[in-house]
Amino acid sequence: MKLILLGPPGAGKGTQAKMLVERFAIPQIATGDILRGAVQAGTSLGLQAKGFMDAGALVPDEVVIGIVRERLQEGDCQGGFILDGFPRTVAQADALQATLAGLGRQLDRVVSLTVDAEALVQRLTGRRTCRGCGRGYHVTFDPPRSGESCDACGGELYQRDDDQEATIRRRLSVYAAQTEPLIAYYRQAGLLAELDGMQSIPVVQEQILSALQAG
Ligand code: ADP
Ligand code: ADP
Ligand code: ZN
């Protein structure tokens, strides 16, 4: 299964990807997670990316394209992968297409999750993320069982710097301007499954699974 999860910040891509990883035993490639890891580690990639991320802007195409190109060639991607948060521009989508073609591979499906703007803001302001394993939670919609720490690994939960309302609004407008055109792009390629992301987490999961079977 070679899959893209497409949708605005807060649509539920990461949440759904984590479930699909277990189901299909293929890796999640989340460019946001990779970039946050680099910022945390203080690498030159992290230093390059941090200003863009804090501002709610996109990191330059050539930087993220390079990351994904290398990642797709690692052994664990040979049985398939879930791209989460990439591509985010037409240039990234074109580069992905070229990279996969060069490896003799092609995408199976692009799942797009649609969610109202106000619901996105609510989801993102209440999002909490595990420092240990990156799993996402929501203070109201998906709280950890313990109330405090990650159910999966016991890690500490934190609020991302960019999950503040002003930055969230900026990210949503960046999505509308730069990423939304990919819906038409992948519809035209015959790969798109558009799903209602407003439903509960398990219902969205079921819809994704049936869209993948239909593909
Ligand atoms: P969300 O899950 O809320 O959509 P991500 O974790 O995917 O957010 O991304 C966080 C930030 O990392 C983005 O706002 C952007 O600055 C940067 N980023 C992640 N993926 C990409 C990408 N494919 N292209 C450019 N910037 C990216
Ligand atoms: P993305 O990766 O697309 O930015 P996330 O998967 O991190 O989005 O989800 C954003 C927030 O919304 C998280 O706090 C998550 O727990 C919550 N969430 C995800 N899916 C749903 C859903 N279907 N209904 C309600 N809340 C959700
Ligand atoms: Zn965890």
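Student: Help me understand the nonpolar core in this model?
Tutor: Within soluble globular proteins, side chains that are nonpolar tend to cluster in buried spots. In this structure, Ile4, Phe81, Leu83, Leu96, Leu107, Val110 and Tyr186 are the most contacted members of the largest nonpolar core, which totals 29 residues. Secondary structure elements with two or more residues in this core: β1 (2–6), α3 (44–55), α4 (61–71), β3 (81–84), α5 (90–102) and α8 (181–188). With 5 residues, the top contributor of residues to this core is α4. Apart from the residues lying within four places of it in its own chain, the contact partners of leucine 83 are Leu3, Ile4, Leu5, Ile29, Val68 and Leu96. Among the nonpolar cores identified, the runner-up in size contains 23 residues, and Ala11, Ala119, Leu172 and Ala193 belong to it.

Student: Please clarify how the site of ligand 1 should be interpreted in this entry.
Tutor: Close to ligand 1 lie 19 residues; Thr31, Arg36, Ala57, Gly85 and Arg171 are nearest. A distance of 2.9 Å separates a nitrogen atom of ligand 1 from a polar backbone atom of glycine 85. At 2.9 Å, a side-chain N or O of arginine 127 approaches an oxygen atom of ligand 1. For ligand 1, the accessible surface in isolation is 560 Å², of which the surrounding protein chains cover 96%. Sort the elements by how many residues they give to the shell around ligand 1 and helix α2 (residues 31–41) lands first, with 4 residues. Split by residue class, the shell around ligand 1 holds 8 nonpolar, 4 polar and 7 charged.

Student: Mind showing me how you'd approach the packing of aromatic side chains here?
Tutor: Tallied over the full model, the rule gives 1 aromatic pair. Note on tyrosine 185 and tyrosine 186: the rings are 4.9 Å apart at their centroids and 70° apart in plane angle, and the pair reads as edge-to-face. Exposure remark for tyrosine 185: the relative accessible area of 25% places this residue in the partly exposed category. The exposure class assigned to tyrosine 186 is buried, which follows from its relative accessible area of 3%. Taking NZ or CZ as reference, arginine 131 lies 4.3 Å from the ring centre of tyrosine 158, over its face.

Student: Is there a simple way to explain the coordination of the zinc ion (ligand 3) in this structure?
Tutor: Coordination angles at a metal have ideal targets, namely 109.5 degrees for four tetrahedral donors and 90 or 180 degrees for six octahedral donors. Only Cys130 (SG), Cys133 (SG), Cys150 (SG) and Cys153 (SG) from the protein coordinate the zinc ion (ligand 3), and they sit 2.3 to 2.4 Å from it. All donors of the zinc ion (ligand 3) come from a single chain, and their spacing in sequence reads C-x2-C-x16-C-x2-C.

Student: Looking at this model, I keep getting lost on the packing of α5 against α8. Mind explaining?
Tutor: In a packed pair of helices, the relevant descriptors are the angle between the two axes and the axis-to-axis distance. Across the interface, α5 lies against α8 with an axial gap of 10 Å and an inter-helix angle of 35°. Contacts from Val90, Ala93, Asp94 and Leu96 in α5 reach Pro181, Leu182, Tyr185 and Tyr186 in α8.

Student: Would you explain the site of ligand 2 in this entry?
Tutor: In the region of ligand 2, 18 residues are neighbours, and Lys13, Thr15, Arg127, Tyr137 and Gln199 sit closest. Side-chain polar atom of arginine 123 to a nitrogen atom of ligand 2: 3.3 Å apart, as the coordinates give it. The contact in question runs from an oxygen atom of ligand 2 to an N or O atom on the side chain of arginine 127, over 2.6 Å. Within the complex, 92% of the 560 Å² of free accessible area of ligand 2 lies under protein. Taken together, the elements giving at least two residues each to the shell around ligand 2 come down to α1 (13–24) and β6 (136–138). For the shell around ligand 2, the element with the highest residue contribution is α1, accounting for 3 residues. Among the residues forming the shell around ligand 2, the class breakdown is 6 nonpolar, 8 polar and 4 charged.

Student: What should I look at first to understand the side chain of arginine 171 in this one?
Tutor: Considering the arrangement of structural elements, one finds arginine 171 in helix α7 (residues 165–179). Once residues within four sequence positions are removed from consideration, arginine 171 is found in contact with Pro9, Gly56, Leu124, Arg127, Arg160, Asp162 and Asp163.

Student: How do you make sense of the sheet that holds strand β8 (residues 192–196) when you look at a structure like this?
Tutor: Hydrogen bonds between backbone atoms are what pair the strands of a sheet, whose relative direction is either parallel or antiparallel. The strand order β2-β3-β1-β4-β8 describes an open sheet built from 5 strands, whose pairing is parallel. Edge positions in the open sheet fall to β2 (28–30) and β8, since each of these has one partner strand only. On average, adjacent strands in this sheet sit at an angle of 20° to one another, irrespective of strand direction. Pairing between β1 and β3: 4 bridges, direction parallel. The residue bridging leucine 5 from the neighbouring strand is aspartate 84, located in β3.

The rules behind the values
- Residues numbered from 1 in each chain as written.
- Chains lettered and ligands numbered in written order.
- Predicted model: local features only at pLDDT ≥ 70, side-chain atom pairs only at ≥ 80, totals over all residues.
- Heavy atoms only, no water.
- Core = buried A, V, L, I, M, F, W, Y, C linked by side-chain atoms within 4.5 Å.
- Buried < 20%, exposed > 50% of the residue type's maximum accessible area, 1.4 Å probe, protein only.
- Helix = DSSP H or I, 4+ residues; strand = E, 2+ residues; numbered from the N terminus.
- Contact = heavy atoms within 4.5 Å.
- Near = heavy atom within 4 Å.
- Polar contact = N/O pair within 3.5 Å; in protein donor to acceptor, adjacent residues only side chain to side chain.
- Areas by Shrake-Rupley, 256 points an atom, 1.4 Å probe, with all protein chains shown as cover.
- Nonpolar A, V, L, I, M, F, W, Y, C, P; charged D, E, K, R; others polar.
- Phe/Tyr/Trp six-rings, centres within 6.5 Å; stacked < 30°, edge-to-face > 60°.
- Lys NZ or Arg CZ within 6 Å of the ring centre and 35° of its normal.
- Donors = N, O, S within 2.8 Å, 3.2 Å for Na, K, Ca; no water.
- Axes fitted to C-alpha atoms, helices over the stretch in contact; angles between N-to-C directions.
- Pairing = 2+ DSSP bridges.

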